[in-house]
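As a plain string of letters, each chain reads:
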Amino acid sequence: MNKKTTMKRYRVLLIVCLLILTVGTACIHKNQRKSNRISDIQDEAAYVSIICDAVKAMDFSIRKPQLKITPQEDRLYKEGYLKILKNQIPISEGQEYSGYYKNLWQAGMEFQDLVENKSINKFPYLLYYDDLDGDGKPELGINQGGMYIFNYELGENEFTVLYGQESCYFGKILGAGQIWYHDGLHANVIRDRYVVLNRDNKWEEYALDLEQGTSPSYHYYLVGTSLYKQIDVGEENWNEITKSFFEATKQGIPQKTFEEIFGDLLDDKGAYY
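Residues numbered from 1 in each chain as written. Predicted model: local features only at pLDDT ≥ 70, side-chain atom pairs only at ≥ 80, totals over all residues. Heavy atoms only, no water.

Enquirer: Can you break down the pattern of salt bridges residue by residue, with the values?
Expert: Opposite charge on two side chains makes pairing possible when the charged atoms of those side chains draw close. Scanning all chains against the criterion turns up nine salt bridges. Linking Glu240 and Lys56 is a salt bridge whose minimum nitrogen-to-oxygen distance equals 3.3 Å. Residue Glu240 is located in helix α4 (residues 235-241), and its partner Lys56 is located in helix α1 (residues 3-56); the two are separated by 184 residues in the primary sequence. Among the salt bridges present, the one from Glu247 reaches Lys250, with a minimum N-O distance of 3.2 Å. Classification of Glu247 as partly exposed rests on a relative accessible area of 40%. The network of salt bridges with shared partners includes Arg75, Glu79 and Asp264. (Salt bridge = Lys/Arg side-chain N within 4 Å of Asp/Glu carboxyl O. Helix = DSSP H or I, 4+ residues; strand = E, 2+ residues; numbered from the N terminus. Buried < 20%, exposed > 50% of the residue type's maximum accessible area, 1.4 Å probe, protein only.)

Enquirer: Got a sec to walk through unusual backbone geometry? Specific residues and values, please.
Expert: Cis geometry is found at the peptide bond from Phe123 to Pro124, where omega equals 5 degrees. Tracing the backbone through its elements, the reader meets Pro124 in the loop between α3 (111-116) and β1 (126-130). Although it is not a glycine, Asn188 sits at a positive phi angle of roughly 65 degrees.

Enquirer: Tell me about the pairing of strand β2 (residues 139-143), and name the residues and values.
Expert: Most of β2 sits inside the fold, with five of its five residues counted as buried. As paired strands, β1 and β2 are joined by four bridges and run antiparallel to one another. The residue bridging Tyr129 from the neighbouring strand is Leu140, located in β2. Relative to strand β3 (residues 147-151), β2 runs antiparallel, the two being bridged by four bridges. Counted as the bridge partner of Ile142 is Tyr148 from β3. Hairpin connection between β2 and β3: a loop of three residues separates the two successive antiparallel strands, and Gly145 in this loop has a positive phi of roughly 120 degrees. (Pairing = 2+ DSSP bridges.)

Enquirer: Account for the sheet that holds β2, with residues named and values stated.
Expert: Strand pairing in a sheet relies on backbone hydrogen bonds, with the paired strands running either antiparallel or parallel. Taken in spatial order, the five strands line up as β4-β3-β2-β1-β11 in an open sheet, and their pairing is antiparallel. Only two strands of the sheet have a single partner each, and these edge strands are β4 (160-165) and β11 (256-257). In this structure, β3 lies alongside β4, joined through five bridges in antiparallel fashion. Bridging from a neighbouring strand, Tyr148 pairs with Gly164 of β4. Those strands touched by helix α2 (residues 71-85) are β1, β2 and β3, and its axis lies near 140 degrees from that of β1. (Contact = heavy atoms within 4.5 Å. Axes fitted to C-alpha atoms, helices over the stretch in contact; angles between N-to-C directions.)

Enquirer: Break down the layout of surface pockets for me, citing the residues and quoting the values.
Expert: Put simply, the largest pocket is a space of about 350 Å³. Every residue lining the largest pocket is counted, 15 residues in all, and those nearest its centre are Met58, Val196, Glu204, Ala207 and Ser226. Breaking the lining of the largest pocket down by element, the ones donating at least two residues are β7 (189-197) and β8 (203-215). The biggest single contributor to the lining of the largest pocket is β7, with three residues. (1 Å grid on protein atoms, 1.4 Å probe; cavity = no way out; pocket = protein on both sides within 12 Å on 5 of 7 lines; lining within 4 Å. Points joined across faces, edges and corners; volume = space filled by probe spheres on them.)

Enquirer: With reference to specific residues and values, describe the environment of Glu260.
Expert: When you line up the elements, Glu260 lands in helix α6 (residues 258-262). Here the side chain of Glu260 touches Thr257 through a polar contact of 2.8 Å, landing on its backbone nitrogen. (Polar contact = N/O pair within 3.5 Å; in protein donor to acceptor, adjacent residues only side chain to side chain.)

Enquirer: Let's hear about the nonpolar core: which residues, and what values?
Expert: Among the nonpolar cores identified, the biggest contains 30 residues, and Tyr81, Leu85, Tyr101, Phe150, Phe258 and Phe262 are the most heavily contacted of them. Secondary-structure elements contributing two or more residues to this core are α2, α3, β1, β2, β3 and α6. Here this core takes five residues from α2, the largest share from any one element. Not counting residues within four places of it along the chain, the set of residues in contact with Phe258 comprises Leu82, Leu85, Phe111, Leu114, Val115, Lys118, Tyr125, Leu127, Gly263 and Leu266. Among the nonpolar cores identified, the runner-up in size contains 21 residues, and Tyr194, Ala207, Leu210 and Val233 belong to it. (Core = buried A, V, L, I, M, F, W, Y, C linked by side-chain atoms within 4.5 Å.)

Here it is as structure tokens:
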């Protein structure tokens, strides 16, 4: 075998080795990518399981209001809330909101308008008057395009905004410290939130955060909580873990007309005795 033939064979062998090495490396990378995809799927499945368990552990039982006041105190509270609606006392300093009832976004209906429609049993003339935060004392809730809960303390010349939701989408107050935020079908999306007053006396806006996509071409079921970001849990999990929440939304603290709350304090001109 001459030198020229030997060099030719070496070149062929080198090319074959390089091809084998290239193919082998590609297979390794392919397997690694596949392994990573499997790992991602496993991590997502675990996260979905965590979210589902967290929602299953939530208690959506309605906390029924329990007013603990005398008839005389009830009258004094109502007189105070009438002053708020008349813009006679301001929001206390240091609040996120300032000014008077009339200065609140999507609120501030003219008092005379409230009086003239005092028996109207529909939006936006219905109000909440009950123990809305679980302290045994009455708060006043309004939904006139924005949702607010007012807190008045007897003998004070100011009031606080206990809760405010500057949104035109709103469900209802379910119980003491329990609110259902609902944005119905809007651009093929339905959004629901469970807002609760926690043990630290702070509102958790996203105790439960739901979003359902209803587009014919793409359905999804996002679920999140205060601790966990939203993830698509799938229709079967969604139906299972949200059932008790949506059952709770069928309940709620009754809303009342202006007349039902303040009737005995009003005369024909809307002044209270």
